[in-house]
Structures are given as structure tokens and as C-alpha cells.
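Given next are the chains, with one letter for each unit.
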Amino acid sequence: IYNFVFPYSSAITSGRIHVNGVNLHYQCAGRGDHAVLLLPGALGCSQTDFGPQLKFLNKESFTLIGWDPRGYGLSIPPARDYPADFFSRDAKDAVDLMQALNFKRFSMLGWSDGGITALIAAGSYPSLINKLVVWGANAYVTAEDLTLYNAVKDVTNWSPKMRKPMEDIYGMEYFANTFSAWVEAMTHFVSRSDGNICRHLLPLIACPTLIIHGMKDPMVPSFHPEFLHQQTAPHARG
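Residues numbered from 1 in each chain as written. Predicted model: local features only at pLDDT ≥ 70, side-chain atom pairs only at ≥ 80, totals over all residues. Heavy atoms only, no water.

In the nomenclature of an unreviewed UniProt entry, the protein chain is known as AB hydrolase-1 domain-containing protein of Eleutherodactylus coqui.

A. Region of the structure containing the overall build of the protein chain. For the protein chain, the helix and strand inventory stands at seven helices and eight strands. Computed over its C-alpha atoms, the radius of gyration of the protein chain comes to 17 Å, within 12% of the 18 Å expected for a compact globule of 238 residues. Its C-alpha atoms give the protein chain principal-axis dimensions of about 45 × 45 × 35 Å. Each of the 238 residues in the protein chain was classed as buried or not, and the buried ones make up 52%. Of all intrachain contacts in the protein chain linking residues separated by at least 6 positions in sequence, the fraction that spans at least 24 positions is 69%. Between the mean site of the 19 positive side-chain charges and the mean site of the 20 negative ones, the protein chain shows a separation of 6 Å. (Helix = DSSP H or I, 4+ residues; strand = E, 2+ residues; numbered from the N terminus. Rg over C-alpha atoms; globule rule 2.2 N^0.38 Å. Buried < 20%, exposed > 50% of the residue type's maximum accessible area, 1.4 Å probe, protein only. Contact = heavy atoms within 4.5 Å. Lys, Arg positive; Asp, Glu negative; His and termini not counted. Charge placed at Lys NZ, Arg CZ, Asp CG, Glu CD.)

B. Spotlight on the UniProt feature "domain: AB hydrolase-1" (unreviewed entry) in the protein chain. Here, the residues flagged by UniProt with the feature "domain: AB hydrolase-1" (unreviewed entry) are residues 35–163. Helix makes up 40% of residues 35–163 and strand makes up 19%, while its end C-alpha atoms are separated by 32 Å. (UniProt positions renumbered as here; feature names shortened; annotations may be inferred.)

C. Examining the packing of helix 2 (residues 86–100) against helix 3 (residues 113–124) more closely. Where helix 2 contacts helix 3, the axes come no closer than 8 Å and their chain directions differ by 70°. Between helix 2 and helix 3, the interaxial angle falls into the category roughly perpendicular. Facing F86, F87, S88, D90, A91 and V95 of helix 2, the residues of helix 3 in contact are D113, I116, T117, I120 and A121. Classifying every residue of the contact of helix 2 with helix 3 by side-chain character gives seven nonpolar, two polar and two charged. (Axes fitted to C-alpha atoms, helices over the stretch in contact; angles between N-to-C directions. Parallel < 35°, antiparallel > 145°, perpendicular 65-115°, else oblique. Nonpolar A, V, L, I, M, F, W, Y, C, P; charged D, E, K, R; others polar.)

D. Broad picture of unusual backbone geometry. Of note, the bond from I76 into P77 is cis; its omega dihedral lies within 30 degrees of zero at 0°. Structurally, P77 is set in the loop between strand 5 (62–68) and helix 2. Not every positive phi belongs to a glycine, and L43 is a case in point at roughly 65°. The buried category is assigned to L43, whose relative accessible area is 1%. A positive phi is found at N102, a non-glycine position, where the angle reads about 70°. With respect to the helices, strands and loops of the structure, N102 is situated in the loop between helix 2 and strand 6 (106–111).

E. Molecular detail of the nonpolar core. Counting 62 residues, the largest nonpolar core has L37, L43, M108, L119, L132, M186 and C198 as the members making the most contacts within it. Ranked by residue count, the leading element in this core is helix 2, at seven residues. In this structure L132 touches M108, A118, L119, A122, I205, C207, P208, T209 and L210, once residues within four positions along its chain are discounted. In this structure, V36, L38, F50 and L54 belong to the second largest nonpolar core, which totals nine residues. (Core = buried A, V, L, I, M, F, W, Y, C linked by side-chain atoms within 4.5 Å.)

F. Region of interest: the pattern of salt bridges. Under the counting rule described, the total for this entry stands at eight salt bridges. Measuring nitrogen to oxygen at the nearest pair gives 2.9 Å for the salt bridge that ties R89 to D81. What makes D81 partly exposed here is its relative accessible area of 39%. Residue D96 pairs with K92 through a salt bridge whose shortest N-O separation is 2.9 Å. Of the two residues, D96 and K92 are both situated in helix 2; the distance of four residues between them amounts to about one turn of the helix. Given the relative accessible area of 38%, K92 is considered partly exposed. (Salt bridge = Lys/Arg side-chain N within 4 Å of Asp/Glu carboxyl O.)

G. Examining the pairing of strand 2 (residues 12–19) more closely. By the bridge criterion, eight bridges tie strand 2 to strand 3 (residues 22–30) in an arrangement that is antiparallel. Looking at the pairing, T13 lines up with C28 of strand 3. Counted between consecutive antiparallel strands, the loop separating strand 2 from strand 3 contains two residues, among which N20 sits at a positive phi close to 50°. (Pairing = 2+ DSSP bridges.)

The following block contains the structure:
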């Protein structure tokens, strides 16, 4: 593991660790007993999605780990790809990263794709997860979702403000190609029974779970968080 101090905050360190055949980049802040993994959304990374949390959350109560999933952020190489099991692969990478960092039991904050990854991790490895918070997440994909995804597939139509953070990290070509590939990957879920991503795992989530939804969320219709609330185990609902 290679650690160095970022100039913008002496309280945040960074490292890379070899997990499941790739070198995963992560950031760490705090020294509290409660370890929390921060899971970013599609094409997001620790610093783009969780900079304020790493900087401002209570560092005496929590040890915060923000990670870049394989193919995102500074976890390149490899280039990002989307096999049929990419969410499950991310969940295993995330759990194995925390285990490699000696966090045997931990909580998760995940949004968008990171929320889906967190749900899969919590359902697949229930003994390892302390608490769970997800927002902007869905357990299945519908035709309505695909309409929303396809409307933003061409990133040249995004506003400059929305494009710039991703272009700064990836360059225009990698960003455009990878986001388009993500949309294509999401379309494949519709061909599955009930558009399933992880709905079969929701009843297996045993930890206290808080599901958050923004009423103006442009990408995740409100029936998704309602379904998550209904399907998670009764003692896990938040």
C-alpha cells in the first residue's frame, strides 16, 4: 500500500492496493472506530463524489474510506468494462478492499451505481456490513428508466458544468465512450426477468438500512426507493 498526503487536506491520505487482479485507489480520512465505505456513482470516484464527506464528517467517530471502482478515477488501468455481472464484481471488489485494509466489519454509504453496489454487498455479505445508507439506487430496470438513460447517453448534449468534472478526470473520449457503454450495459437488464439487478438480494439485507430519495431526482423515479423499502428485510428498514 502506498500512502501520501493530498495537498488540499492534510487529514486525507490516499493509496492503492492490489485486489482481485487490479490496483484499486482509495482515500482515507479519520481514525474512529466506525469504518464507513463511500461508494460513488457511475464514472464517479472518491474525490468527485465524496470530497465534502471525506473532509467534513466526524473524524473522531468515523474512519472514512472512499474508493474508485476499477476503471474509474485513479483505478485505471484497467479501462472500465461492463460484463453482465459488473455490479456484483464491484461489490466483491469493495468488500475485498475493506478486508485487505483490515476493516473486518464496516458500514456503507452508496449513491446511484454505488448504492446498487452497496445493496448487493449487504445482501451477499450480511455478516460484514454494520449499517447501510443508499440514495439514487434501483434494484431493477424498466423501459421508463431506459428512456431516461438514453436521453443523456450522448454526453456532448450535457451542460459544460456537468461535463467538466468528468472530462477533467478522463478526457473527452474516454468519458464519452465509457458513459455510452454504461447506458448499453443498463439496457441489458431489461431482458432479464423483472429487469432484475439485485431485487433477489434485498430480503437478505440484515443491517439497519436508510433509503434516501430526492423528489427532483431526474434519473431515478420514485417507485424505485419505494420498492427498496418494501423489499428489504423488516428489521433493516430505515
